[in-house]
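Each chain, written out:
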Amino acid sequence: MWRQARDQLAAAGNASPVLDAKLLAQHALGLGALELAMRENEMVSADGAETLTRLVERRLTGESVARIIGEREFYGLPFRLNEATLEPRSETELLVEMAIAGLPERGHLLDLGTGSGCIPIAVLANRHDANATAVDLSSRALVAARENAERNRVNERLNLREGSWFEPLPKNGRFAVIASNPPYIASSVVDTLASEVKDFDPRLALDGGPDGLAPYRLIAAKAGAYLLPRGRLLLEIGYDQGVTVSQLLVDGGFVEVAIHQDLNGLDRVVSATI
Ligand SMILES: C[S@@+](CC[C@H](N)C(=O)[O-])C[C@H]1O[C@@H](n2cnc3c(N)ncnc32)[C@H](O)[C@@H]1O
């Protein structure tokens with residue numbers, strides 16, 4: 001069933017042909033992993049074979065398996081993706097862990113640039129006492145975030161708002177923790193990224209302006225006004241942005257500014273307190 005797909009992918013230099021072929025076959029044929037394993041020597045219907053061929057062709061253009069099947073796992077939970085959502089990255093799980101640990105009892109989290117909703121949904125799924133508000137400029141991304149919140153049964157504690165950064169929030173809104181994984185790639189660099197990223201992740205989710213720092217400047221300047229006393233700001237960063245983003249936060253009046261590394265030893269999150 002899936003071996004021909006594996007051979008095509010392997011011949012094209014795909015790094016994980018067996019896994020990719022099995023996942024695409026499951027999706028094309030509507031089978032679970034166990035069913036695929038039990039029925040792998042059966043003949044595939046003409047329709048199923050044609051669907052699988054089309055999915056393999058898409059994978060060969062560089063589109064990720066998650067984008068093709070419209071779903072991926074993040075922090076152990078399933079997330080639907082659409083054309084407006086960034087594919088959640090495992091590196092972002094560090095930000096989630098820090099938000100889970102940093103939220104006080106019954107604390108309220110704000111997530112700026114929520115995309116699929118992966119950050120607040122993963123936090124709420126692990127902190128049943130907490131609430132969250134999440135903002136995105138893209139109404140289509142919020143459609144996916146809403147669906148993901150329902151699917152992971154946290155929708156009653158997640159308030160989704162459409163607009164730019166702090167704009168859609170009430171002026172008196174105050175949060176215990178503000179988290180964000182904003183777009184942080186310099187505009188000129190976006191087009192040089194791997195095809196899997198630049199051709200399939202939405203530009204709005206990647207492009208951080210001329211030097212990649214525009215969202216950090218805005219968040220550093222405004223976040224203090226939306227945090228409770230001793231509130232925490234958690235920002236995901238590119239591996240080489242730690243020092244610059246830390247300085248922006250110091251300039252914005254934050255204290256206890258610290259840089260945290262991900263499992264690969266790369267700078268990944270800057271935290272600060274107001
Ligand atoms: C790097 S993605 C992160 C998505 C998600 N939080 C994650 O970690 O996978 C940045 C997100 O910021 C959103 N965004 C871009 N500009 C924005 C703005 N001015 N206001 C609010 N959200 C914005 C994008 O639509 C995108 O969903």
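Please read all numbers here as calculations on a predicted model, not as lab measurements. (Residues numbered from 1 in each chain as written. Predicted model: local features only at pLDDT ≥ 70, side-chain atom pairs only at ≥ 80, totals over all residues. Heavy atoms only, no water.)

> Explain the site of the ligand to me, using residue names and the numbers behind them.
Every one of the 18 residues lining the ligand counts as a neighbour, but Gly113, Asp136, Ser164, Asn181 and Ala205 are closest to it. Within the backbone of threonine 114, a nitrogen or oxygen atom sits 3.3 Å from a nitrogen atom of the ligand. One nitrogen or oxygen atom from the side chain of asparagine 181 is found 2.9 Å from an oxygen atom belonging to the ligand. Compared with its free state, where it exposes 590 Å², the ligand has 95% of that area covered by protein. Residue composition of the shell around the ligand, by class: ten nonpolar, seven polar and one charged. (Near = heavy atom within 4 Å. Polar contact = N/O pair within 3.5 Å; in protein donor to acceptor, adjacent residues only side chain to side chain. Areas by Shrake-Rupley, 256 points an atom, 1.4 Å probe, with all protein chains shown as cover. Nonpolar A, V, L, I, M, F, W, Y, C, P; charged D, E, K, R; others polar.)

> Give me the lowdown on helix H8 (residues 139-151), citing residues and values where you can.
With 13 residues, H8 should cover 18 Å at 1.5 Å per step; its first-to-last C-alpha distance of 19 Å lies within 8% of that length. For H8, the complete set of buried residues consists of Ala141, Leu142, Ala144, Ala145, Asn148 and Ala149. Taken end-on, H8 shows its buried residues confined to a sector of 160°, consistent with a single buried face. Looking at the buried residues of H8, the elements they touch are strand S2 (77-80), helix H7 (118-126), strand S4 (131-136) and strand S5 (158-162). With a side-chain oxygen lying 3.3 Å from the backbone nitrogen of arginine 140, the N-terminal cap of H8 falls on serine 138. Among the residues trailing H8, arginine 153 stands out with phi positive, at a value near 55°. (Helix = DSSP H or I, 4+ residues; strand = E, 2+ residues; numbered from the N terminus. Expected span 1.5 Å × (residues − 1). Buried < 20%, exposed > 50% of the residue type's maximum accessible area, 1.4 Å probe, protein only. Arc of directions from axis to C-beta. Contact = heavy atoms within 4.5 Å.)

> Give a detailed account of the domain arrangement of the protein chain, specifying residues and quantitative values.
Domain parsing of the protein chain yields domain 1 (3-60) and domain 2 (82-273). Computed over C-alpha atoms, the centres of domain 1 and domain 2 are 35 Å apart. (Domains from an automatic or database assignment.)

> Tell me about the packing of helix H6 (residues 93-102) against H7, residues and numbers included.
Remark: H6 packs on H7, axes separated minimally by 9 Å, with the N-to-C direction vectors making an angle of 45°. Looking at the two axes, H6 sits oblique to H7. By crossing handedness, the relation of H6 to H7 is classed as right-handed. Contact residues: H6 offers Leu95, Val96, Ala99 and Ile100, while H7 offers Ile119, Ala122, Val123 and Asn126. A breakdown of the residues in the contact of H6 with H7 according to their chemical character gives seven nonpolar, one polar and no charged. (Axes fitted to C-alpha atoms, helices over the stretch in contact; angles between N-to-C directions. Parallel < 35°, antiparallel > 145°, perpendicular 65-115°, else oblique. Left-handed = near helix turned anticlockwise from the far one by under 90°.)

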